[in-house]
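Understanding the architecture of this molecule
The residues making up each chain are set out below.
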Number of protein chains: 2
Amino acid sequence: MKLSTKGQYGTRMLLDLALHEEEAPVLLKDIAQRQQISLGYLEHLVTPLIAGGIVRSTRGAKGGVSLAKPSEQIKLSEVIQLLEGSIAPVACVNDPAVCSRSESCVTRDIWDELKQAMDGVLASTTLQNLVQRQKDKQPLEGAMYYI
Amino acid sequence: MKLSTKGQYGTRMLLDLALHEEEAPVLLKDIAQRQQISLGYLEHLVTPLIAGGIVRSTRGAKGGVSLAKPSEQIKLSEVIQLLEGSIAPVACVNDPAVCSRSESCVTRDIWDELKQAMDGVLASTTLQNLVQRQKDKQPLEGAMYYI
DNA sequence: GGTATTGTATACTATATTAGTCATAATAGT
DNA sequence: ACTATTATGACTAATATAGTATACAATACC
């Protein structure tokens, strides 16, 4: 039940982006440096977020990335869906047809409940929530830079 | 965020075992056949459950496996822990030392909440719950055999 | 005691996934 | 045109998954 680095790093990237929104567009290179993620890998992470309409990119000189919509409209469930695919612990939860037991399988019912519980957390957390939490944790301006 | 087949099959194995408790010990071979899991693989799944004190095995002729404690005392959280290891979506939730950001990281806080939510479902579901659900679903005696 | 039956343990393997790196193309500003 | 920047796709090494195969150990029954 692990989150891959895509989901981990991608969420951190979005939070970093949200925290630097004023200076948009933000350079991937800067995010990479602050978050200590290689630029090449970060490029892979940003692609699905752009395709999913969460991030907007500006190519060329003076370019960079910015949030495509207000941070309070970006739910973590959306982000994880784009980066990791469905959160369902097993395939049959999304598509009963993958297993002939689906109808009668009670373990499947539990995996579905598990999925609902996870979704409850992720769908109720927005990027804005994360930004606020970060500011609450580190009230000093600029303090987040060296982390 | 996928559950591996160990967790999936292992849970099904335990449910099957609980449903056939009266005829203990139950043959792994029979469970394998009913659940359509190869015997060889099932042997891998049962090992950590025995080590974890959930399943008791009897070697030799007329041997087999049985539940080591009442099904109402077997929580799914225990089962998944034994079969999949920690349910934590990222390592830093269990051990802050793996990442220097842990103290100040708000994404980590979310992953921790995610873990709590998952654990809430799994810790509140016992094998007995699954048995009851199965019986509710398939009231006809013997109906569970051909699934 | 011999033998069939059953679980135990270890080694091996094929495939898929993860976590990147690297080179190159496209685009925008100067 | 030149430079800065993101976009894309090919490639790769390491690890995890999902098994299979084989030999071994314990036990019950005759």
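These remarks concern the structure in this document. (Residues numbered from 1 in each chain as written. Chains lettered and ligands numbered in written order. Predicted model: local features only at pLDDT ≥ 70, side-chain atom pairs only at ≥ 80, totals over all residues. Heavy atoms only, no water.)

**Looking at the protein's contact with DNA strand C**
- The environment of DNA strand C is made up of 24 residues, and the closest members are Thr-5, Ser-38 and His-44 of chain A together with Ser-57 and Arg-59 of chain B.
- Backbone atoms, meaning sugar and phosphate, form 75% of the atoms of DNA strand C found within 4 Å of the protein.
- Here a phosphate oxygen of DNA strand C and a side-chain polar atom of Tyr-9 of chain A are 3.3 Å apart.
- In this structure, Ser-57 of chain B approaches DNA strand C through a side-chain N or O atom, which is 3.0 Å from a phosphate oxygen. (Near = heavy atom within 4 Å. Polar contact = N/O pair within 3.5 Å; in protein donor to acceptor, adjacent residues only side chain to side chain.)

**Notes on the protein's contact with DNA strand D**
- Not every one of the 26 residues close to DNA strand D is listed here, only the nearest: Ser-57 and Arg-59 of chain A together with Ser-38, His-44 and Arg-59 of chain B.
- Near-protein atoms of DNA strand D (within 4 Å) split between backbone and bases, with sugar and phosphate holding 72%.
- Between DNA strand D and the protein, one listed contact pairs a phosphate oxygen with a side-chain N or O atom of Thr-5 of chain B at 3.0 Å.
- It is helix H3 (residues 39-51) of chain A that contributes the most residues to the surface near DNA strand D, 5 residues altogether.
- Of the residues belonging to the surface near DNA strand D, the class tally is 9 nonpolar, 12 polar and 5 charged. (Helix = DSSP H or I, 4+ residues; strand = E, 2+ residues; numbered from the N terminus. Nonpolar A, V, L, I, M, F, W, Y, C, P; charged D, E, K, R; others polar.)

**Some remarks on the interface of chain A and chain B**
- Between chain A and chain B, the contact holds 41 residues from the first and 41 residues from the second.
- Taken together, both faces of the contact between chain A and chain B bury some 3800 Å²; the carbon and sulfur share is 63%.
- Inspection of the chain A/chain B interface yields 4 salt bridges.
- Here Asp-109 of chain B ties to Lys-137 of chain A by a salt bridge, and the two come within 3.1 Å at their closest N and O atoms.
- Counting across the chain A and chain B interface gives 20 residue pairs in polar contact (both at pLDDT 80 or more).
- Sorting the residues of the side of chain A that touches chain B by element identifies helix H1 (5-19), helix H2 (28-35), helix H4 (76-84), helix H6 (106-123) and helix H7 (127-137) of chain A as the ones contributing at least two each.
- Sorting elements by how many residues they give to the side of chain A that touches chain B places H6 of chain A first, with 11 residues.
- When the residues that make up the side of chain A that touches chain B are grouped by side-chain class, the tally is 20 nonpolar, 11 polar and 10 charged. (Contact = heavy atoms within 4.5 Å. Buried area = accessible area lost by both parts, 1.4 Å probe. Salt bridge = Lys/Arg side-chain N within 4 Å of Asp/Glu carboxyl O.)

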